[in-house]
Every structure is written in structure tokens, then in C-alpha cells.
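# Close look at the chain arrangement
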Amino acid sequence: TKQYFLLSWVLAAATTLGTACGPPPASTPSGGGTAPTGGAAPDAADLGDPVEGDWLVTRLGAEPALLNPILDQLDANGRYIMDLVGDSLLDVDKETLLSVPRLASSWEISEDQLTYTFHLKEDLVFSDNVPLTVEDVKFTFDLLKDPKTDSSAVRSYFSDVLSAEIVDEDTIKFVCEKPYFRHVMTIGSMPVMPKHIYGTGDINKHPANRAPVGSGPYRFEAWDT
């Protein structure tokens, strides 16, 4: 199930400042465990089972300019949010640092290391329940490569990636100009954006830049400046 991500900058900052000035409140976790009374962190087993509907309130250093993963204005705070809301073909295993499936179920690299073919998982959907397809993957790549898109910094990583070609309804291949060992990571980490949302209007000034739609583990709910 999708989780919901709520941005409330003033409230989050006020909550952080207010609680930082005094001792932690003595409350009972909703999982049924006993609240810690000292400075030491409680044992995870004492907190009980996770409860659906619990909240995590966190603080960001500043409000981002926008929330669009391919635009240059995206800063570190915006990227932190979009990593939760958005999704990509591959992920990186935190222990081995090897590429692992995310939206893609599998992938192949040609012997000359110029063609990278990805196969999507079945039944992928965006947070608005619209199916995610290879059309969205190609749309994102073409949008990123378009010189009218304000994504010169991101686009520089794809300078050797010449094209994205749909093979069938579940398969897409990327053709590169020359071999490079990071191509699979570059292509695999490209955030896949919904064509039905960003396919109309000016991407640089799109209203969805403040209300992003993605396929990641969290659904964006609101942004209160």
C-alpha cells in the first residue's frame, strides 16, 4: 500500500524547534510499548508492532524550489522528497553497491556495451492508479534530452545515450554512442515520469512541479509553504 507524504514546512519547523528546547514528552507509542524515560534508545522489541497510520515528522533545512526530478532547480531537499515519491528502473543494493531491479524486472547489456535493454515488471502504476508503461520511460528520456527542458545538469550524464526505443509493451532499449561502465547506473537511475501528467504544458513551469505524481513508495499529498 502507498504511504502518504505531507509537506508542512512551517508546522514541521515549529514542531522541531518546540520539542528541541525541552525534555521529550512522556507518551506511549501507539504500538503498545512503554515510552523511554531516559536518554538511551529503547530496544526495538519494547516498542511493539508497527501500527498502520503512524506518523513520522522530519525536518528539512530549507524549502525546495520545486519537486521535479529532471529539472536543474531540484536541490538536495527536493531530491530527498522525490527519492520517496519517484521511482526508477533500477536501484542500488546498499551493501554490495550492485544494481538491483526496481521498476525493471531484468535487463541485458549487449556484448559491445552499446545497447541496454530493460524489461518492466507487471502491473506497475503511478500514485493516481494510472498504469506505468514503457511509453512513460521513453517519454521521460525524450523530455530529458529535449534542449527546451531546463535539465542541462541532468542531461549531461546522458550525453552518450543516443536514443530510447520501445521493443514491445514491456521492453525498451537504450542505444549509446560509446561504451561506458556507468551507463547502466545512469539509465537505471533515471526517474520515470508519467506522460499523462507532464505530456502537456511547459515542463519548466508545470503545476505538477509542486504536486508531483510518481510510482515510488510514498504518495505526495500536500505542500503547505
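Placed above this text is the structure.
Below is a short write-up of the structure. (Residues numbered from 1 in each chain as written. Predicted model: local features only at pLDDT ≥ 70, side-chain atom pairs only at ≥ 80, totals over all residues. Heavy atoms only, no water.)

## Topic: the overall build of the protein
Cut-off, in case you're wondering: Going along the chain from the N terminus, every DSSP run of H or I of four or more residues is numbered as a helix, and every run of E of two or more is numbered as a strand. Exposure classes here rest on a 1.4 Å probe applied to the protein chains alone. A residue is buried below 20% of its type maximum, exposed above 50%, and partly exposed in between. Note on contacts: a residue pair qualifies if any of its non-hydrogen atoms lie within 4.5 Å across the two residues. Each accessible area is a Shrake-Rupley estimate made with a 1.4 Å probe; only the visible protein chains count as cover when residues are assessed.
Check the secondary structure of the protein and you find six helices and eight strands. Shown N-terminal to C-terminal, the secondary structure of the protein runs as helices and strands in the order β-α-α-β-β-β-β-α-α-β-β-α-α-β. Taking all 225 residues of the protein together, the buried fraction comes to 35%. In the protein, once contacts between residues fewer than 6 apart in sequence are set aside, the share between residues at least 24 apart is 57%. A total accessible area of about 13,100 Å² is found for the protein, and carbon and sulfur atoms account for 56% of it.

## Here we look at the side chain of His183
When you line up the elements, His183 lands in helix α5 (residues 183–188). For His183, a relative accessible area of 1% corresponds to the buried category. Contact partners of His183, with chain neighbours within four places excluded, come to Tyr116, Asp160, Val161, Cys176, Lys178 and Gly188.

## Description of a negative patch on the surface
Heads up, the condition is: The patches described consist of residues with a relative accessible area above 30% and no salt bridge, like charges being joined within 9 Å and nonpolar side chains (Val, Leu, Ile, Met, Phe, Trp, Tyr) within 5 Å. Within this document, salt bridges are pairs made up of a side-chain nitrogen of Lys or Arg and a carboxyl oxygen of Asp or Glu, the two lying within 4 Å of each other. When charges are counted, neither His nor the chain ends are considered; positive counts come from Lys and Arg and negative counts from Asp and Glu. The atom standing in for a charge is NZ when the residue is Lys, CZ when it is Arg, CG when it is Asp and CD when it is Glu.
On the surface, a cluster of negative charge is made up of Glu122, Asp123, Asp168, Glu169 and Asp170. In this structure, Asp170 sits in the loop between β6 (161–168) and β7 (171–176). Accessibility expressed as a relative area gives 35% for Asp170, which makes it partly exposed.

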